[in-house]
Amino acid sequence: TRTPGSNNAQAHGYSSTQGIFVHPIARQFRDILGIYIPITFEIFDRRPNIENEPNRRVYQVDIRAGMSAKRTIFSKTYASTGVYTERIQIPFGPGYYALSVRLRTTHGIVYEDTFHIGFNVNYMGKIMELSLDRCKVFVRIQTLSYTLSQLCQFLIFQEVYGGLSVSL
C-alpha cells in the first residue's frame, strides 16, 4: 500500500479551478528584521455553481516553515475566496526558510505554493542600516552639514548614551 505524502493530489497554477498562490510582494526574497512576517496570498475558486454551495466554500489554509506538518506556524479556515494578508511569527529562530502556503479543500485536495525568506539573519547589519538612516534624517531635519568623522562621532555618542532609539 502507498502512504499519501505531501506530494499527493496537488495541483498548481492559474489553469486550476481552485487553489492558492502567494502574491509577488510577499514572494520576493528578502531578509526580514523583526518579529512578524506579512504574507499576502489569494484563495481562488472558479468551480461552476460554487456560489450556491456554501458547505463547499470551506478553505483550510496552513503555513509551514518547510514541508513537515510539525512545522506548521499558522492555520486558519476561511469561508470565502479573496486576497488575505496574515502576520506570521516564526518560532524557530533566525535562519533561511522555505515557507509553504497550503490550501486543503472539502474534497481533501491540497494546493500549495512555496517561497523563500531570510528571517533575522543579518540583524546587526540591518540595525546599523536603520541607525544610519535615522541619523541621516535627523541631520537633514536639523539642516546641519556634518563631515563623515563628525557623523561617526555623533553615532558613537548616540550609541553610548542611548539617545538614538531604533523602532522595529
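See the structure shown above.
Remember, predicted model here, so these are calculated numbers, not experimental data. (Residues numbered from 1 in each chain as written. Predicted model: local features only at pLDDT ≥ 70, side-chain atom pairs only at ≥ 80, totals over all residues. Heavy atoms only, no water.)

Draft legend 1. Here's a closer look at the packing of aromatic side chains. This model, assessed by the stated rule, comprises four aromatic pairs. Seen in terms of ring centroids, Phe-41 and Tyr-78 are 5.9 Å apart; in terms of plane orientation they differ by 75°. Their pairing is edge-to-face. On the criterion of sequence distance, the pair formed by Phe-41 in strand β4 (residues 36-45) and Tyr-78 in strand β6 (residues 72-78) is long-range, its members being 37 residues apart. Both residues of the pair, Phe-41 and Tyr-78, belong to the buried class. Relative to Tyr-84, the ring of Phe-41 has its centre 6.1 Å away and its plane inclined at 35°; by these criteria the two rings are tilted. (Phe/Tyr/Trp six-rings, centres within 6.5 Å; stacked < 30°, edge-to-face > 60°. Helix = DSSP H or I, 4+ residues; strand = E, 2+ residues; numbered from the N terminus. Buried < 20%, exposed > 50% of the residue type's maximum accessible area, 1.4 Å probe, protein only.)

Draft legend 2. Just the sheet that holds strand β2 (residues 18-22), in detail. Read from one edge to the other, the open sheet built from three strands follows the order β2-β4-β7, with strand pairing classed as antiparallel. Both outer strands of the open sheet, β2 and β7 (82-89), are each paired with one neighbouring strand and no more. When the angles between neighbouring strand axes are averaged without regard to direction, this sheet yields 25°. Two elements, β4 and β7, share eight bridges in a ladder whose sense is antiparallel. Across the sheet, Ile-39 pairs through a bridge with Glu-86, a residue of β7. (Pairing = 2+ DSSP bridges. Axes fitted to C-alpha atoms, helices over the stretch in contact; angles between N-to-C directions.)

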